[in-house]
Amino acid sequence: MTKKFWQLSPAERRVLLVDQGILTQAQADFWSTQTTLPETVLLGLSENNIGQMSLPVGVVPNVQIAGKAVTIPLATEEPSVVAAISHGFKMMSQGRTIQVVKNIHGVTGQIGLQHVSASDLTILQDHQADLQRIGLAAHPTLTSHGGAIRQIQIKRVGQSDAAIIVTVDSGNAMGANIMNDILEAMARTVTQLTNAEVLFAVLTNDGRDSLTQLTVTVAFDQLTTKTWSGEQVAQRIQALADWAQTDPRRAVTHNKGIMNGVEAIVLATGNDTRAVNAAAHAYAAVSGQYCGLSHWHVETDGLHGEMTLPLPVGTVGGATKVLPSAQQALALLHQPSAVQLQAIAASVGLAANLAALHALVTDGIQRGHMRLQYDSLAVRVGATAAEIAPLAAALAAADKPSETLAQQLLSQLRHKGEN
Ligand code: MEV
């Protein structure tokens, strides 16, 4: 019987992906050998460096997103995340697969001003075109990369403060550096033109200029388990998703499950995980109450899912350019544009969410975790790569698996091997 993808060794997976034309031989060689970053890269990325740490990178191959097949790279330290995403995509592979309803990309920033007189405000309004020109001059490559300053707004804040709010189309860049360069250049001009005092000039991580909305319809038969019919599971998933709309305690865990997937691809592609997390959780509270970011409803043709998520990511610049593994992850995704990466990352989040909700309303999440926990117990007691699978299987069959039992079973296994 041919083995499933998850049953292969990392080397066997790379060979299969090369055979399927998903990886080139050079890419496969990169993933098998690239374990450390060159010192020049380390020193360019952060300060006071003494070393580095590594994370596993897994893939979910051949996923359909908006009619296109993609193989998704995921970097995560949490057992079960890659398996859950794979399960989520499998359930979503029948019925009306993922549709991208909305996908915009941009970034907004603010210059906060104090002691702004009425005449200062008038001067600023009159000089909007100059501010735009100075902003563009601060980042001349913006327009050549397809970007633009979309809007400049000047708003009174309280009695004596004001804000200049700038929205930029950042092309395929995430846009934080572009935005901050533009704002700081504009702020210097504001100081020359007016008596107002600049308090700060920085982008907002609100993220609503990079919003992605997805829908999917999951066929009932994809949800069926030994105990529950597909319709019953769908009803239970709807009830659990509704729970996250009214109970913030549940909503934050629901959203953590979404971010398990989103963060793994954001990290793999060298994007800013903190920016994406900040934007997602702020958006979850946009109504004034913190809610689940996804919605699941039972319809006649299946379980209908919808999610709108801010995804401030980029596919050029920053760490995406510097980290060799991020470049390889983007190559695996066929060098997506920023909006394409947003759609893929949102899909990964929705798949992670569906798998989590499905597990919770059926077998519970621990069952899925157990296999990986047995694997890691096997590693902890010193099993070699070849011994992990048989030892984990023996632990799964045992009444009370423990570290002591794992040590005994490993000795027995080795003893048997000698005879
Ligand atoms: C675990 O990392 C994520 C879940 O708790 C998400 C959820 O409860 O929806 C399973």
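Each chain carries its own residue numbering, running from 1 in the direction its sequence is written. Note on the predicted model: pLDDT of at least 70 is required for a residue's local features to be given, and 80 or more for side-chain atom pairs to be given and counted; whole-chain, interface and lining totals, by contrast, use all residues. Side-chain calculation: all heavy atoms of the structure are included, whereas hydrogens and water are not.

Per an unreviewed UniProt entry, the recorded name for the protein chain is 3-hydroxy-3-methylglutaryl coenzyme A reductase, and the organism is Schleiferilactobacillus perolens DSM 12744. UniProt positions are given in the numbering used here, feature names are shortened, and annotations may be inferred rather than shown by experiment. Taken directly from UniProt, the Pathway (unreviewed entry) text for the protein chain runs: "Metabolic intermediate metabolism; (R)-mevalonate degradation; (S)-3-hydroxy-3-methylglutaryl-CoA from (R)-mevalonate: step 1/1." Under the heading Sequence similarities (unreviewed entry), UniProt records this for the protein chain: "Belongs to the HMG-CoA reductase family."

Details of the sheet that holds strand S9 (residues 294-299)
Taken together, four strands build an open sheet; the order of strands is S3-S8-S10-S9 and the sheet is antiparallel. Either end of the sheet is taken by a strand with one partner, and the two such strands are strand S3 (99-103) and S9. Ignoring strand direction, the axes of neighbouring strands in this sheet form an average angle of 15°. With four bridges joining them, S3 and strand S8 (residues 211-218) adopt antiparallel strand pairing. Bridge pairing in S8 places Asn103 opposite Thr212. We call two strands paired when DSSP finds no fewer than two bridges between them. By definition, any uninterrupted DSSP run of H or I lasting at least four residues is a helix, any uninterrupted run of E lasting at least two residues is a strand, and each is numbered from the N terminus. Angles shown run from 0 to 180 degrees and are taken between the N-to-C directions of axes, each axis being a line fitted to C-alpha atoms and, for helices, limited to the stretch in contact.

Comments concerning unusual backbone geometry
One non-glycine residue, Ala66, lies in the positive phi region at around 50°. Turning to its location among the elements, Ala66 is positioned in the loop between strand S1 (57-65) and strand S2 (68-75). Burial status follows relative accessibility: with a 1.4 Å probe on protein chains alone, a residue under 20% of its type maximum counts as buried, one over 50% as exposed, and anything between as partly exposed. Accessibility expressed as a relative area gives 44% for Ala66, which makes it partly exposed. With phi around 55°, His115 is a residue other than glycine that occupies positive phi space. In this structure, His115 sits in the loop between strand S4 (107-114) and helix H5 (118-126).

Points about the sheet that holds S4
Reading across from one edge, S5-S6-S4-S7 is the order of the four strands in this open sheet, with antiparallel pairing throughout. In the strand order of this sheet, the two ends are held by strand S5 (148-157) and strand S7 (197-203), each with one partner. When the angles between neighbouring strand axes are averaged without regard to direction, this sheet yields 15°. Sitting on the sheet, helix H6 (residues 128-138) touches S5 and strand S6 (161-169), and the angle it makes with S5 is about 130°. Residues are treated as being in contact if the distance between any of their heavy atoms lies within 4.5 Å. Across the sheet, helix H8 (residues 176-193) is in contact with S4, S5, S6 and S7; its angle to S7 comes to roughly 165°.

Remarks on the nonpolar core
Of all hydrophobic cores here, the largest spans 55 residues; its most connected members are Ile72, Ile85, Phe89, Val218, Ile237, Ile265 and Trp296. Among the elements that line this core, the one with the most residues is helix H14 (residues 338-361), at 12 residues. In this structure, Ile111, Leu131, Met179 and Ala196 belong to the second largest nonpolar core, which totals 29 residues. What is meant by a nonpolar core is a set of buried Ala, Val, Leu, Ile, Met, Phe, Trp, Tyr and Cys residues, joined one to another through side-chain atoms within 4.5 Å.

Brief notes about the site of the ligand
When we say a residue is near a molecule or strand, we mean one of its heavy atoms is within 4 Å of it. Contacts to the ligand come from Glu78, Arg250, Thr253, His254, Lys256, Gly257, Asn260, Ala356, Leu360 and Ile365. Under this definition, polar contacts are N or O atom pairs within 3.5 Å; protein pairs additionally need one hydrogen-donor-capable and one acceptor-capable atom, and for neighbouring residues in sequence, both atoms have to be side-chain atoms. Within the side chain of Asn260, a nitrogen or oxygen atom sits 2.9 Å from an oxygen atom of the ligand. In isolation the ligand exposes 300 Å². Once the protein is present, 87% of that is buried. If you list the elements that add at least two residues to the shell around the ligand, you get helix H10 (248-268) and H14. It is H10 that provides the largest number of residues to the shell around the ligand, a total of six residues. When residue character is reported, Ala, Val, Leu, Ile, Met, Phe, Trp, Tyr, Cys and Pro are called nonpolar, Asp, Glu, Lys and Arg charged, and the others, Gly included, polar. Looking at the shell around the ligand residue by residue, the classes come out as three nonpolar, four polar and three charged. All accessible-area figures derive from a Shrake-Rupley calculation using a 1.4 Å probe, and residue coverage is judged against the displayed protein chains alone.

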